Amino acid sequence: MTQKLKDNEFHYTPEIARTKAKEAFNWRDYIQKYIDKYVDIAVKDAKFTTYVEIPKPERFDYDETRDHLLYAARQLGWRCAPSSKSVMGYVYIDLFWDEE
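What counts, and at which threshold
- Residue numbers run consecutively from 1 along every chain, following the written order of its sequence.
- Only residues with pLDDT of at least 70 get local features here, since the model is predicted, and only at 80 or more are side-chain atom pairs given and counted; chain-wide, interface and lining totals rely on the full set of residues.
- Calculation of side-chain values draws on the structure's entire complement of heavy atoms; hydrogens and water are dropped beforehand.
- For Phe, Tyr and Trp, rings pair up if their centres lie within 6.5 Å, where Trp contributes its six-membered ring, and each pair is then called stacked (planes under 30 degrees apart), edge-to-face (over 60) or tilted (otherwise).
- Runs of E in the DSSP output that reach at least two residues are strands. Runs of H or I that reach at least four are helices, and both are numbered from the N terminus.
- Our definition puts a charge over a ring when NZ of Lys or CZ of Arg is within 6 Å of the ring centre and also within 35 degrees of the ring normal.
- To define a nonpolar core, start from buried Ala, Val, Leu, Ile, Met, Phe, Trp, Tyr and Cys residues and group those joined through side-chain atoms within 4.5 Å.
- Note on exposure labels: buried denotes an accessible area under 20% of the residue type's maximum, exposed denotes more than 50%, and partly exposed covers the range between, all computed with a 1.4 Å probe on protein chains only.
- The contact definition used throughout considers only heavy atoms, calling two residues in contact when any of these lie within 4.5 Å.
- For salt bridges, the criterion is a side-chain nitrogen of Lys or Arg within 4 Å of an Asp or Glu carboxyl oxygen.
- Any two strands are treated as partners once DSSP identifies two or more bridges connecting them.
- Each residue carries a pLDDT value, the predictor's own confidence for that position, ranging from 0 to 100.

### Looking at the packing of aromatic side chains
Then, in step 1: What the rule picks out here adds up to nine aromatic pairs.
Then, in step 2: An angle of 50 degrees between the planes, with centres 5.7 Å apart, marks the rings of Tyr51 and Tyr92 as tilted. Of this pair, Tyr51 sits in strand E1 (residues 49-55) while Tyr92 sits in strand E3 (residues 90-96), and the two are 41 residues apart along the sequence.
Then, in step 3: Through a chain of ring-to-ring contacts, three or more aromatic side chains come together here, namely Phe25, Trp27, Tyr30, Tyr34 and Phe60.
Then, in step 4: Its guanidinium or amino end placed over the ring of Tyr51, Lys85 lies 4.7 Å from that ring's centre, counting from NZ or CZ.

Quick look at the structure:
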């Protein structure tokens, strides 16, 4: 737990620091460069779907990373789903931009 000292000052423990650092990770910024890369290739081939290969950040486990990436992609307006592709150290998601 944290102990309040003054306005917005706390004693940190390693557990609290880890949690707060994970909460501060910007998943939308992280995924955007990979979306740009893979969607650019797909639209040039007249496709309406693609997979996106994203390196798993070291401090996050696979399931946690996948869930954050799917949520971030949806926040950015994409329809998406977990991909069937799998390579160690990467998370794959499928993006769709055809009309629903």
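From this point, the narrative continues.
### Focus on unusual backbone geometry
Then, in step 1: Of note in this structure, Ala46 is not a glycine but carries a positive phi near 60 degrees.
Then, in step 2: Secondary-structure assignment places Ala46 in the loop between helix H2 (27-44) and E1.

### What to know about the nonpolar core
Then, in step 1: With 19 residues, the main nonpolar core has Ile31, Val52, Ile54, Leu69, Ala73, Ile93 and Leu95 as its most contacted residues.
Then, in step 2: Among the secondary structure elements, those contributing two or more residues to this core are H2, E1, helix H3 (62-75) and E3.
Then, in step 3: In terms of residue count, H2 provides more of this core than any other element does, seven residues in total.
Then, in step 4: If we skip the residues at most four places from it in the chain, Ala73 touches Ile31, Trp78, Cys80, Ile93 and Leu95.

### A short note on the pattern of salt bridges
Then, in step 1: The full count for this structure, using the stated rule, is five salt bridges.
Then, in step 2: Asp63 is the partner of Arg66 in a salt bridge, and the nearest nitrogen-oxygen pair spans 3.1 Å. Taken together, the residues span about one helical turn, with Arg66 and Asp63 both in helix H3 at a distance of three residues.
Then, in step 3: With a relative accessible area of 42%, Asp63 lands in the partly exposed category.
Then, in step 4: A salt bridge links Arg66 to Asp67, with the nearest nitrogen and oxygen atoms 3.2 Å apart.

### Brief notes about the pairing of E1
Then, in step 1: Of the two faces of E1, only one is covered, namely that formed by Thr50, Val52 and Ile54; the face formed by Thr49, Tyr51, Glu53 and Pro55 stays uncovered.
Then, in step 2: The sheet contact formed by E1 and E3 spans seven bridges and is antiparallel. Pairing of Val52 across the sheet is with Ile93, part of E3.

### Topic: the side chain of Thr50
Then, in step 1: Mapped onto the secondary structure, Thr50 falls in strand E1.
Then, in step 2: Beyond its immediate chain neighbours, meaning those up to four positions away, Thr50 contacts Tyr38, Val39, Ala42, Ile93, Asp94, Leu95 and Trp97.

### Quick word on the confidence of the model for the protein chain
Then, in step 1: Per-residue confidence for the protein chain gives a mean pLDDT of 91; residues scoring 70 or more make up 91%.
Then, in step 2: The weakest mean pLDDT in the protein chain belongs to helix H1 (residues 14-24) at 92; the strongest belongs to H2 at 98.

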